[in-house]
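Inside the fold
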Amino acid sequence: MSEASHPASTSAQQTAETLDSEWLLRRELFLAAHRWPWIILACLLGSLLGWAISYALPSPYRATRELYVGLNVYQAQNDRNVVQYSGIEFVNANDYKNWQMANLNSLIFMDFILDETLEILRRGDSSWEQVSRPDLRAMLHVYWRNAGKWRMVAENQDAQRAAQAVTAWQEVVVTRVNQAIQESKNSLVLDRQLRAVVDAQNQFSTRLAALQQVQTAFQAWESSASQGSAGAPPDENARQQLLQLLNQAGAGGMLPTWRSLLETFPTPASPYADYQAWLNQVMPSINQEIQTLQAQVDVVEIEKNDAAAQYMAASQKSLGLSAELQVDRITQDPPALTIVRPTALLMLVGGFLGLAVWTLLWLGRLALHLPRQNQPSHRFK
């Protein structure tokens, strides 16, 4: 009989424990609702703590100026300057844009930018003499998500110094970045000039090499012709070979006098002596043209080296910025000043923390009074 009733007694015990838990929770909620002064006191203590923190650790001021950053990516695939400067082959315009934004973000914190900013600040206020470059760098921040509006920020315990820092910083950044952009535009012009010079050099070198080959062939023909009879005409194949060499030199633009030389070219019945006399007229013209082409090649080589040096100088000064990048101030208004950690905000956060601490204590007290499993329940009577 006792074995049969055991499951029923266990079920009754579990039901009793559940009722005890629910009854205790309702009772504690009821008591907590009537202890609202303690809740308010906890919030007040938290707010008081937040006020004390704001007093002990004064919040710095934040001065903000806005910067416009724009980029036209239609020449992204043809911007050799950026590719050579960065050493990166950009797969698409989005990669090009991302690199430009990251490069600009790094550029505005470079040493020479901060040094010029400090120089401007020190000229206007001698108190900046005590500020070093690392100190200034720690004050400055920039916030951006993409091209468009960039927020340049300076934080300092003194509102005036924060405004001075961000104003001078923006001035240097806009000036220096636009100088770099202008150098990038110059590099595009110099790049086109360099390509034109290289093309001209290749043309001159090609003509010179071809004319030297023709000269060698004429000399070989002359050497073989000297072995024949001076009074007999050369065979037709040898004559056609000589004529072909002349046409080759003239048609390729290597020998400007080829038309007059063609008019005086000996007839098929002319003896070797006539061909020898004709070659004596041709070879000086070829030698002179070779000298002219060699001089042109030398001049173009100097022009190429000068153009390459100018291009490299402009490329280095461009700092890898795109010629299609635009950076400028959005407004000339004074910088916006805000407090990084307002006292009211700290007091509000402290109040919520006080409420959270009281809630955790209440939940801990409630957990201690809840009935445990497999233990006899204690009903309040």
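These figures come from a predicted structure and were not determined experimentally.

**Side note on the overall build of the protein**
When you go through the protein residue by residue, the secondary structure sums to eleven helices and five strands. For the protein, the proportion of its 381 residues judged to be buried stands at 35%. Partitioning the intrachain contacts of the protein with sequence separation of at least 6 by distance along the chain shows that 79% fall at a separation of at least 24.

**Some words on the confidence of the model for the protein**
Taken residue by residue, the protein gives an average pLDDT of 80. The fraction at 70 or more is 78%. Counting contacts from residues 1–5, a segment whose pLDDT is below 50, to residues more than four positions away or on other chains yields zero contacts. Per-residue pLDDT stays below 50 along residues 372–381; that stretch engages in eleven contacts with residues further than four places along the chain or on separate chains.

**So, the pairing of strand β1 (residues 61–71)**
Strand residues, when the strand is regular, have side chains that alternate between the two faces of the sheet. Sheet topology note: the β1/strand β3 (residues 148–156) ladder contains nine bridges and is antiparallel. Note on β3: the bridge partner recorded for tyrosine 61 is asparagine 156. Examined bridge by bridge, β1 and strand β4 (residues 325–329) share five bridges and lie antiparallel to one another. Within β4, the residue paired with glycine 70 across the bridge is glutamine 326.

**Points about a nonpolar patch on the surface**
A cluster of nonpolar side chains, namely Trp38, Leu41, Leu45 and Leu48, defines an oily patch on the protein surface of about 440 Å² accessible area. In this structure, leucine 48 sits in helix α2 (residues 36–56).

**Some points on the pattern of salt bridges**
Within the structure shown, the criterion is met by ten salt bridges. For aspartate 111, the salt bridge is made with arginine 133, and the minimal N-O distance between the two is 3.1 Å. Remark: arginine 133 occurs in helix α6 (residues 133–139) and aspartate 111 occurs in helix α5 (residues 111–124); sequence separation between them is 22 residues. Accessibility expressed as a relative area gives 35% for aspartate 111, which makes it partly exposed. Of the charged contacts, one joins aspartate 191 and arginine 195 as a salt bridge, the two residues approaching to 3.4 Å between their closest N and O atoms.

**Overview of helix α4 (residues 93–107)**
Counted at 1.5 Å a residue, the expected span for α4 with its 15 residues is 21 Å, and the 21 Å between its end C-alpha atoms agrees. Within the span of α4, buried status applies to Tyr96, Lys97, Trp99, Gln100, Met101, Asn103, Leu104 and Leu107. Capping the start of α4 is the job of one residue whose side-chain oxygen sits 3.1 Å from the backbone nitrogen of asparagine 94: asparagine 92.

**A word on the environment of tryptophan 278**
Mapped onto the elements, tryptophan 278 comes out in helix α10 (residues 272–318). Look at tryptophan 278 and you get buried, because its relative accessible area is 2%. Between the C-alpha atoms of tryptophan 278 and threonine 264, which are 14 residues apart in sequence, the distance is 7.5 Å. Apart from the residues within four sequence positions on either side, tryptophan 278 is in contact with Phe218, Leu242, Leu246, Leu261, Thr264, Phe265 and Pro266.

**As for the nonpolar core**
Nonpolar side chains tend to gather and get buried jointly when the protein is soluble and globular. In terms of nonpolar packing, the biggest core is built from 37 residues, with Leu104, Trp128, Leu136, Leu140, Trp169, Val173 and Val177 touching the most fellow members. Listed by contribution, the elements that provide at least two residues to this core are β1, α4, α5, α6, β2 (140–143), β3, α7 (159–225) and β4. Broken down by element, the residue count for this core peaks at twelve residues, all from α7. Ranked by size, the runner-up nonpolar core spans 26 residues in total, among them Val197, Leu208, Trp221 and Leu246.

**Thoughts on unusual backbone geometry**
For residues that are not glycine, phi is negative in most cases, and the peptide bond is trans in most cases. One non-glycine residue, leucine 319, adopts positive backbone phi at about 60 degrees. Inspection of the secondary structure assignment puts leucine 319 in the loop between α10 and β4. The class of leucine 319 is buried, set by a relative accessible area of 19%.

**Here we look at the packing of aromatic side chains**
Taken as a whole and assessed by the stated rule, the structure comprises two aromatic pairs. Look at phenylalanine 109 and tryptophan 169: their rings are 5.3 Å apart centre to centre, the planes differ by 50 degrees, and that puts the pair in the tilted class. Of this pair, phenylalanine 109 sits in the loop between α4 and α5 while tryptophan 169 sits in helix α7, and the two are 60 residues apart along the sequence. Across the pair, tryptophan 169 and phenylalanine 109 agree in class, each one buried. With 4.6 Å between their ring centres and 5 degrees between their planes, tryptophan 144 and tryptophan 150 make a pair best called stacked.

**Concerning the environment of asparagine 287**
Within the secondary structure layout, asparagine 287 lies in helix α10. As a C-alpha pair, asparagine 287 and glutamine 215 span 72 residues in sequence and 8.0 Å in three-dimensional space. Among the polar contacts made by the side chain of asparagine 287, one reaches the side chain of glutamine 215 at a distance of 2.3 Å.

**Let's talk about the side chain of serine 322**
Take serine 322: it is sitting in the loop between α10 and β4. With near-sequence residues (within four places) excluded, serine 322 lies in contact with Leu71, Asp79, Val82, Tyr96, Gln100, Ile181 and Ser184.

**Some points on the environment of glutamine 248**
Position of glutamine 248 among the secondary structure elements: in helix α8 (residues 236–251). Owing to a relative accessible area of 38%, glutamine 248 belongs among the partly exposed residues under this scheme. Counting along the chain gives 38 residues from glutamine 248 to alanine 210, while the straight-line C-alpha distance between them is 9.0 Å.

What counts as what
Residues numbered from 1 in each chain as written. Predicted model: local features only at pLDDT ≥ 70, side-chain atom pairs only at ≥ 80, totals over all residues. Heavy atoms only, no water. Helix = DSSP H or I, 4+ residues; strand = E, 2+ residues; numbered from the N terminus. Buried < 20%, exposed > 50% of the residue type's maximum accessible area, 1.4 Å probe, protein only. Contact = heavy atoms within 4.5 Å. pLDDT = per-residue confidence, 0-100. Pairing = 2+ DSSP bridges. Patch = residues over 30% accessible without salt bridge, like charges linked within 9 Å, V, L, I, M, F, W, Y side chains within 5 Å. Areas by Shrake-Rupley, 256 points an atom, 1.4 Å probe, with all protein chains shown as cover. Salt bridge = Lys/Arg side-chain N within 4 Å of Asp/Glu carboxyl O. Expected span 1.5 Å × (residues − 1). Polar contact = N/O pair within 3.5 Å; in protein donor to acceptor, adjacent residues only side chain to side chain. Core = buried A, V, L, I, M, F, W, Y, C linked by side-chain atoms within 4.5 Å. Phe/Tyr/Trp six-rings, centres within 6.5 Å; stacked < 30°, edge-to-face > 60°.

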